[in-house]
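# Structural characterization, general
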Amino acid sequence: MDQCDCTNEDIGDHDGSSESLEELQDSRAADTAEEEELSVSFLLKYFNLYPLYQDYQEYCVQAESDDLNTPNTGYLSALTIPQELQTPIIAYLSSADKSFQQLSIAANTRLAKAPPVRCSTLWQDLEQVKASGLLRRLPDGEIHLQESIFELIGSEVSYLNSLTIAVKHFYSSKELKQSLTPMEHHNLFSNICQIMAASKKFLMDLEGQLEGQLEESVLISQVEDIVLQHCPEFHRVYVPYVTNMSYQETMFNQLLQQNRDFLHLIKNIESHKECQRQDLKSFLALPFQRITRIKLLLQSILKQTKPDADSISNLEKAIAAIHEVVTECDKGVRKMEHIEELVHLDRLLDFGKMKVSVPLVVSGRVLLHQGPMRQSGFSSVYLHLFNDLLVISSKKYYFQHAGFTVMDHAEFPKHVKVEHVQTELLGPPPDSFLLHLSKSHTGQPTTMKLAAETRSDTEVWMKLLQCEQ
């Protein structure tokens, strides 16, 4: 999903939904089908000791410090915790992924929870591995590699366990559905059933690979090939889910404040033994957390793989493919943030009796900068600079709510120019500049002398306004 390819249909009726009613109905039908398909129990004999994914992640982050304070534990526990995973995932998102980071912080707000459960299932603990005698002959590097691959599979088991609870107890709750409108229910859970179906298919393929190789040589390989095969499906289901997370967060908070039945039902479900004292928010955050962690696990496998190994090429391709999914998720989040910002400003800007008003919420428009300015004569104006439009207004207050009355607007950067003002005695303030509109809504050229609050503010505005077409 590209950042600037949204249409008016994407925006909908500004009610917190990015889908049409027809698309929503199709999505619900698909989710119902997925849910019925997943009603068959799924067991994986190698990973029966893995906790829920929320506790599993805490264990991964805390394991190193715990092991350092525990005498005579050896290095076995550390084998399943690559150094890259000793820090929360949030630290690994690039500085450009700020919107993604903000969602992560919001999504991980938790209620009281049970202490993290320690995983005891290691590759080298498997009976087949012990019986093979390989542990006495394999170098430490190869054992580390096998444990990292085993970690990818085991963590998917933990993830699917948590997804199953999210769908079975929260999504499928009849009482919860009755307390919400269909749109509220969809915005809250999005396509989580499709996420669950994708995880199950991925895990079944990983299990098949694991079981076949344990019977032959007990060494696990080629998981990167399976990741590559599933990346198109990951893209299909994870991008819309993560994109919807901003609506999800808003909807969740509104429901907590406005719907007493919802609050009571959520608390009741969270108290179920199967939920292990995990709150709904922690379950809703699972897909975002998982898609970012898969990349880290693959990077750990790559680091421990010999440079001349045949698997290097596909490992790099798998990492790149997962990175693309994460990048598209971030673009989707940013796109929804831009739309919400435009919708909010559209409610605040009043074009009044102007002959030509501007439809503010349009495809590809992004707010670049906004702020107050002083005009000649010490009157105040307010500028909203978009990537294709400059709006000049005066700030007004209506029944204790702030708004803006539009005074002028011009196409940017085509009809907008700025220049410094030479400071003279009794002249304009030292932080002034001239704003030239070669063609405004009146059709006539306009020039204004504007002053920012500080010299640094002036530099920011001039840099932005000097953008060439």
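Worth saying up front: this structure is predicted, and the values here are computed from it rather than measured. (Residues numbered from 1 in each chain as written. Predicted model: local features only at pLDDT ≥ 70, side-chain atom pairs only at ≥ 80, totals over all residues. Heavy atoms only, no water.)

### Some remarks on the overall build of the protein chain
Across its full length, the protein chain carries 17 helices and eight strands. Burial statistics for the protein chain: of 469 residues in total, 49% are counted as buried. Counting contacts in the protein chain only where the partners sit at least 6 residues apart, residues at least 24 apart contribute 71% of the total. A total of about 23,200 Å² of accessible surface is found on the protein chain, and carbon and sulfur atoms cover 52% of it. (Helix = DSSP H or I, 4+ residues; strand = E, 2+ residues; numbered from the N terminus. Buried < 20%, exposed > 50% of the residue type's maximum accessible area, 1.4 Å probe, protein only. Contact = heavy atoms within 4.5 Å. Areas by Shrake-Rupley, 256 points an atom, 1.4 Å probe, with all protein chains shown as cover.)

### Comments concerning the pattern of salt bridges
Any two side chains of opposite charge can pair if their charged atoms end up close together. Tallied over the entire structure, the rule returns six salt bridges. The residue R290 makes a salt bridge to E156 at a minimum N-O spacing of 2.8 Å. Here R290, found in helix α15 (residues 286-303), pairs with E156, found in helix α7 (residues 140-171); they are 134 residues apart in sequence, far enough to count as distant. By the burial criterion, R290 is buried, and E156 matches it. Here K331 makes a salt bridge to E328, at a shortest N to O gap of 3.6 Å. Taken as a pair, K331 and E328 lie in helix α16 (residues 312-348) at a separation of three residues, close to a single helical turn. (Salt bridge = Lys/Arg side-chain N within 4 Å of Asp/Glu carboxyl O.)

### As for the packing of helix α9 (residues 182-189) against helix α12 (residues 245-258)
Packed helix pairs are specified by the crossing angle of their axes together with the interaxial distance, meaning the distance between the axes. Here α9 crosses α12 at 125°, and the two axes come no closer than 8 Å. When the axes of α9 and α12 are compared, the pair comes out oblique. The way α9 lies across α12 gives a crossing that is left-handed. In this structure, α9 contributes E184, N187 and L188 to the contact, and α12 contributes Q248, M251, F252 and L255. (Axes fitted to C-alpha atoms, helices over the stretch in contact; angles between N-to-C directions. Parallel < 35°, antiparallel > 145°, perpendicular 65-115°, else oblique. Left-handed = near helix turned anticlockwise from the far one by under 90°.)

### Some points on unusual backbone geometry
Working note: non-glycine residues mostly have negative phi, and peptide bonds are mostly trans. Residue F412 is joined to P413 through a cis peptide bond whose omega torsion reads 0°. The topology assignment puts P413 in the loop between β5 (401-411) and β6 (416-420). In this model, V218 sits at a positive phi of 65°, which is unusual for a non-glycine residue. Mapped onto the secondary structure, V218 falls in the loop between α10 (192-216) and α11 (223-243). With phi around 50°, Q276 is a residue other than glycine that occupies positive phi space. You can see Q276 is positioned in the loop between α13 (260-270) and α14 (280-284). Residue classification places Q276 among the partly exposed residues on the basis of a relative accessible area of 33%.

### What about α13?
Taken together, the buried positions of α13 are F262, L265, I266, I269 and E270. Down the axis of α13, the smallest arc covering the buried residues is 130°, so these residues share one side. Opposite its buried face, α13 presents the exposed residues R260, D261 and H264, each directed more than 90 degrees away. With a side-chain oxygen positioned 3.1 Å from the backbone nitrogen of D261, the residue opening α13 is N259. (Arc of directions from axis to C-beta. Polar contact = N/O pair within 3.5 Å; in protein donor to acceptor, adjacent residues only side chain to side chain.)

### Some remarks on the pairing of strand β2 (residues 367-375)
Summarising the sheet, β2 and strand β3 (residues 380-386) pair through seven bridges and their orientation is antiparallel. Bridge assignment links R374 to a residue of β3, and that residue is S380. One ladder, built from two bridges, connects β2 with strand β8 (residues 446-451); its direction is antiparallel. The residue bridging R374 from the neighbouring strand is A451, located in β8. (Pairing = 2+ DSSP bridges.)

### Considerations on the confidence of the model for the protein chain
This prediction gives the protein chain a mean pLDDT of 77; 73% of its residues lie at or above 70. The element-level mean pLDDT for the protein chain is lowest in helix α4 (residues 76-79), coming to 29, with α11 highest at 95. Below a pLDDT of 50 lies the segment residues 33-41, which in the model reaches 14 contacts outside its immediate sequence neighbourhood of four places, other chains included. pLDDT under 50 marks residues 63-119. Its contacts with residues more than four places away, or in other chains, come to 112 contacts. (pLDDT = per-residue confidence, 0-100.)

### Details of the pairing of strand β7 (residues 432-437)
One face of the sheet, then the other: side chains in a regular strand alternate in exactly this way. Along β7, five of the six residues are buried, which leaves the element largely enclosed by surrounding structure. As judged from the five bridges shared by β6 and β7, these two strands associate in the antiparallel manner. Within β7, the position partnered with K417 by the bridge is H436. Direction of pairing for β7 relative to β8: antiparallel, over a ladder of six bridges. When the sheet's bridge partners are listed, L434 is paired in β8 with K449.

### Concerning the packing of aromatic side chains
Evaluated as defined, the whole model comprises seven aromatic pairs. Relative to F283, the ring of F170 has its centre 5.5 Å away and its plane inclined at 45°; by these criteria the two rings are tilted. Of this pair, F170 sits in helix α7 while F283 sits in helix α14, placing them 113 residues apart in sequence. Measuring from ring centre to ring centre gives 6.0 Å for F252 and F262, while their planes differ by 80°; the resulting arrangement is edge-to-face. Here the residue F252 occupies a position in helix α12, and F262 occupies one in helix α13, the gap between them amounting to ten residues. Connected via pairs of aromatic rings, a cluster forms that spans F202, F234 and Y238. (Phe/Tyr/Trp six-rings, centres within 6.5 Å; stacked < 30°, edge-to-face > 60°.)

### What about the environment of R137?
Within the secondary structure, R137 is located in the loop between α6 (127-132) and α7. Of the residues examined, R137 reaches a relative accessible area of 57% and is grouped as exposed. Of the polar contacts made by the side chain of R137, one reaches the backbone oxygen of G133; its length is 3.4 Å.

### Points about the packing of α11 against α16
For the pair α11 and α16, interaxial distance at closest approach is 9 Å and the crossing angle is 5°. Relative to α16, the element α11 is oriented roughly parallel. Here E224, D225, V227, L228, C231, F234, H235, Y238, V239, V242 and T243 of α11 come into contact with α16, specifically with N314, L315, K317, A318, A321, I322, V325, E328, C329, G332, V333 and M336. When its residues are assigned to classes, the contact of α11 with α16 shows 15 nonpolar, four polar and four charged. (Nonpolar A, V, L, I, M, F, W, Y, C, P; charged D, E, K, R; others polar.)

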